[in-house]
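One letter stands for each residue in the lines below.
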Amino acid sequence: MSIATHVRALLVPGCLSLITAISTASAIAQEAQSATTEPAAESAIAPSAENSAATPAPEAVAAEPAAAETTAAPDSAAVAETTAVPANAEQVPAATTAETTATAKPVDDPLAGIEELSAQPAATDAAATDATAAAPAASGDASQTSELLPTIPVNHQEEKKVVKVEKEEAAPQNIDEIVVTAQKREERLQKVPIAVTVVNSEQMSRQNISQISNLSRAVPAVEASGEDGNPDTRISIRGISTNSFSVTAEQAVSYVADGVVLGKAPSVSLFDIAQIEVLRGPQGTLFGKNASAGVISVTTNKPDPSKFEAFGRAELGAKYDTRVVHGMVNIPITDDSAFRISVGQSYQSGLIHNAVRGNDSVLKIDGGRARFLWEPTPDLTINIIGDYEKQHVNEQLYILFNRYVKSDTGEPTAIPGCNGTIPSMSNRISCNNNPTVNDATTYGASAQIDWQIGDYTLTSITSARRYKQDGFIDVDGLPGNYYDNGNKFDNSVYTQEVRLASPVGEDLEYVVGGFWSKSHVPNFLTQVIGADALTSIIDGTIPVSLCGTLGICANGLVALNNPNQYIADLKSYAVFGQATYRVLDDLKLIAGARWTRDDVQMTSTSYLGVVTSLLPLGSPLMPLNEPLAGQSKVNNISWKLGLQYDISKSSMAYLTASHGYKGPQVVFNPPGIIPTLDGLEVKLPAPASISIVKPEYPMDYEAGIKSTFFGGIIATNINVFHTTIKDFQSSVFTAAGQTPNNISQVVTKGIELDMFGFLAKGLVVNSGILYNKVTFPAGYMTTCTQVGPECPDTDAETLQDIGGKQMTYAPRFKFLLAPEYEFGVSDRVSMFVGADVVYRTSISFVPSDDSRATTPDRAILGGRIGVRGADRNWEIAIFGRNLTNKPNSPFLFAPYLLGTLSSPGIDTSGQALSTESFRFIGMSLEARF
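On a predicted model such as this, the values are computed, not experimentally measured, just so you know.

Student: Looking at this structure, how should I read the nonpolar core?
Tutor: Where a protein is soluble and globular, its nonpolar side chains tend to be buried together. Grouped together as the largest cluster of nonpolar side chains are 38 residues, with contacts concentrated most on Leu215, Leu270, Ile276 and Ile296. Here this core spans two domains, and each of domain 1 (175-299) and domain 2 (300-928) adds at least three residues to it. Setting aside residues no more than four positions away along its own chain, Leu215 makes contact with Val199, Ile209, Val222, Ile276, Val278 and Ile296. Leu478, Leu608, Phe891 and Leu892 belong to the second-largest nonpolar core, a separate cluster that totals 31 residues.

Here it is in structure tokens:
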């Protein structure tokens, strides 16, 4: 029987039965993996084409029909997995190696004729030792191995009566060996009762993932709004994100790097990464107050004391002088210590051209990381990490007009004073006359200490970070001087976490700990109301603007200057714990809780002055109001309950209920500076104020099944979820900007399906499907931004009911597929061809029923073709993004800010652009030494 016949006969029925009935899935799993090693846990990964294509050593092939059996304790059904040891590994002391009693016996293996699909390790101890002669050495650099499967060093017990696994295991040979830290301890992916997706370094290379926002191409539940270098880019999971500019706003999606919660001090570039874990759904019990939608946990490659290593990778674009460059060197110091330095740079220029100022856009992000690893004793590990990143962006990409038409006729018209530019969806011309620039610097250090106290692990993680930003934006985007905005802040964050993990394999397993954080954020916001805005107020009773319509611009003759200083301080304390108790051999009970104490406070002062070209020094500043203050203190208890059931050795089901929490916001609302006219009525501007946004509380119910097939070379995971968020933190959108608020209740519900693994020799596939209904509650009213059946006008008093409308940044349906096929062309060279397609239904970027800020359904196609060395020490590829050249804006907004003031009688909207907004071709090169 052919390979294809085997795959069709076993894979297709297995996947279908998994979805339709648990019992059928169990039966198929038992048939496909009888008496094999126990799989491990969870979500969508990038397995390796080379794994499936690799030819095992003769001894391993001969031993393939045998399986290792473990003599389990009488009260446990646990089965220990045998693990192949790298050929170049030193002899491991008995105390640090998994102890098993192996008995070889024949197995009725339905895959016996297609062992080339996956090079399985031999079952017996002797055969396993021989087979590892052909296995690659484990490395701290995941890309250094010949596997695409992500891995981090394993240092735990497998099951009851099993001693700790060797700290530096070989890279995973199949899905069952993937390890994650989703529950604050190292566990097999397919045994973790959480919806988790893992993206490793090989998948990042295949899909050109170099920024956190690129994860939307690899994880169905993740969406990003905004472009590289934009500090306001938002990440959402299952349609839930943080939609607020406030410096006190907690993130709905927590960003964790090497165990450190970054919060409001992120680092956006990804280089020298081992793997990324995306945890979907509220994770408040173990990860805290800023994980109400999920967690993105990044693990960088650790230093390796066993050898010197170097790595380099470059992605060079055919347009816009685009380049992404990564480099790494690993330097052993002693037998138990090493130093690792990694650097990265992203650069592009010319994507946007400013027709008024005559210059091109520039994006430059430089970063570096240094890691020191020291293991002074077998029971003590010290990790010290320092990182630095600097960003510079000019001609900020989100100020582009994509629509400038006459309101009465719909006729496109040129922007006055912008060299005849007529905006469209393909417009790459900006028209602002003042500079738009953002400079940001992020740096920090952390120290992690892991101490093995018997079978327990005590972990301490201490961090200090700083995030500085200095930005200036020509908000109106036009040649005239209407409205400019400057924002400068300096965020210092300190955190400390201590936790204790019990031994793995006992009936009762638990993690307990405490967390503390402190943040100090001085912020300086400057609003400049230009002379052309002042003249527009004067002539605002008729649909004409002296500058925008008639071209009579006052330029820098006079302007109102409104500096605002506000200082935020945030403190948080937490105590947490989560336990798993084995009730029966196949059934576990999960319970956890977290107590959190938040203290958020802010003070602010606002001033007003006059700036004029006639008086370069301007007028003295005068205070607009007495200093303001606001504070919110909250005590909260989050909790989690669940059940985990092992259907078979290769299939696990789970059911969880989680109550989460996202902390309060203290929001500074800047003052209005100039009066407005409504006909002949003069309306005075609103004064500065401080408001409180209440905490939000998600209640999540989730059920899922995780299964592996054919000895762990294919996995299919499915889950359903229903999350109700009380007092959801959102924003009211108007033509003047956004004001944070609470929505009484939001519900997100749906189903996720992941399938990944080796479908044939040399063919590896990642795929995922998301159906996600997340809507505004019935009766939710918001400002009209576009005239329509329910919106006769767009003034501040006219509201519309958008209850039932899909929320912002959330497609209702999303599908992704990323296959790669590799085949040998000689003994030393193999060729590969890959593709990735992401299909998503329409996305709205503003909380209103505005067609101008809504993308259509779209499918974006990428691809890659190249050659690499058989030992994967070098690779050359040609890649393409958005190959069909479909409109692909990462962010839309309407109407354009202050459009009614600067361009009366004109229908306006704007968009952000990135290199993937159009067809983009490039070349990637990498080498390892």
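Student: How should I be thinking about a nonpolar patch on the surface in this particular structure?
Tutor: On the surface, Leu316, Tyr821, Phe823, Val825, Val833, Ile865, Trp874, Ile876, Ile878, Ile921, Met923 and Leu925 cluster together to form a nonpolar patch covering roughly 920 Å² of accessible area. Contributing elements (two or more residues each) for the nonpolar patch: strand 36 (813-824), strand 41 (874-881) and strand 44 (920-928). Mapped onto the elements of the fold, Leu316 is located in strand 10 (residues 309-317). Overall, the relative accessible area of 37% leaves Leu316 in the partly exposed class.

Student: Sorry, what's going on with the sheet that holds strand 9 (residues 294-300) here?
Tutor: Across a sheet, strands are paired by hydrogen bonds formed along the backbone, either parallel or antiparallel in direction. A sheet is described by the order of its strands in space; here five strands give the open sequence 3-8-9-6-7, paired in mixed fashion. Sheet topology places strand 3 (196-200) and strand 7 (260-261) at the edges, where each strand pairs with a single neighbour. In this sheet, strand 9 lies alongside strand 6 (residues 253-257) in parallel orientation, the contact comprising five bridges. Residue pairing across strands places Ala257 opposite Val298, the latter belonging to strand 9.

Student: When you look at the pairing of strand 41 in this model, what are you seeing that I'm missing?
Tutor: The side chains of a regular strand alternate, first on one face of the sheet and then on the other. Summarising the sheet, strand 40 (residues 858-869) and strand 41 pair through six bridges and their orientation is antiparallel. Residue Arg864 lies in a different strand from strand 41, and its bridge partner there is Phe879. Hairpin connection, strand 40 to strand 41: the antiparallel pair is bridged by four residues, and Arg872 has positive phi, about 60°. Relative to strand 44, strand 41 runs antiparallel, the two being bridged by eight bridges. Paired with Arg881 across the two strands is Phe920, which belongs to strand 44.

Student: Looking at this structure, I do not really get the side chain of Ser254. What am I missing?
Tutor: Here Ser254 shows up in strand 6. Look past the residues within four positions of Ser254 in its chain and what remains in contact with it is Val261, Asn290, Ala291, Gly294, Val295 and Ile296.

Student: Please explain the pairing of strand 5 (residues 234-237) as it appears in this structure.
Tutor: Burial of strand 5 is two-sided: the residues Arg234 and Ser236 facing one way and the residues Ile235 and Ile237 facing the other way are all buried. Direction of pairing for strand 4 (residues 222-225) relative to strand 5: antiparallel, over a ladder of four bridges. In the sheet register, Glu223 faces strand 5, and the bridge partner there is Ser236.

Student: What am I meant to see in the state of the cysteines here?
Tutor: Put plainly, two cysteines are in a disulfide when a covalent bond ties their sulfur atoms together. This structure, assessed with the given rule, holds two disulfides. Between the sulfur atoms of Cys418 and its disulfide mate Cys431 the distance is 2.0 Å. The S-S bond linking Cys418 to Cys431 shows a torsion near -80°; that makes this disulfide left-handed. Of this pair, Cys418 sits in the loop between strand 15 (400-406) and strand 16 (429-430) while Cys431 is found in the loop between strand 16 and strand 17 (437-453), placing the two residues 13 residues apart along the sequence. Each member of the pair, Cys418 as well as Cys431, is classed as buried.

Student: Would you mind showing me how to read the packing of aromatic side chains here?
Tutor: Given two aromatic rings, their pairing is described by the distance between the two centres and the angle made by the two planes. Inspection of the entire model under this criterion finds 16 aromatic pairs. Linked through ring pairs, Phe401, Tyr404, Tyr809, Phe845, Phe891, Phe893 and Tyr896 together constitute an aromatic cluster. Above the face of the Phe287 ring, Lys184 is positioned so that its terminal group lies 4.6 Å from the ring centre. Across from the ring centre of Tyr347, 4.2 Å away, lies the NZ or CZ of Arg323, which sits over that ring.

About the cut-offs
- Residues numbered from 1 in each chain as written.
- Predicted model: local features only at pLDDT ≥ 70, side-chain atom pairs only at ≥ 80, totals over all residues.
- Heavy atoms only, no water.
- Core = buried A, V, L, I, M, F, W, Y, C linked by side-chain atoms within 4.5 Å.
- Buried < 20%, exposed > 50% of the residue type's maximum accessible area, 1.4 Å probe, protein only.
- Domains from an automatic or database assignment.
- Contact = heavy atoms within 4.5 Å.
- Patch = residues over 30% accessible without salt bridge, like charges linked within 9 Å, V, L, I, M, F, W, Y side chains within 5 Å.
- Areas by Shrake-Rupley, 256 points an atom, 1.4 Å probe, with all protein chains shown as cover.
- Salt bridge = Lys/Arg side-chain N within 4 Å of Asp/Glu carboxyl O.
- Helix = DSSP H or I, 4+ residues; strand = E, 2+ residues; numbered from the N terminus.
- Pairing = 2+ DSSP bridges.
- Disulfide = S-S within 2.5 Å.
- Phe/Tyr/Trp six-rings, centres within 6.5 Å; stacked < 30°, edge-to-face > 60°.
- Lys NZ or Arg CZ within 6 Å of the ring centre and 35° of its normal.

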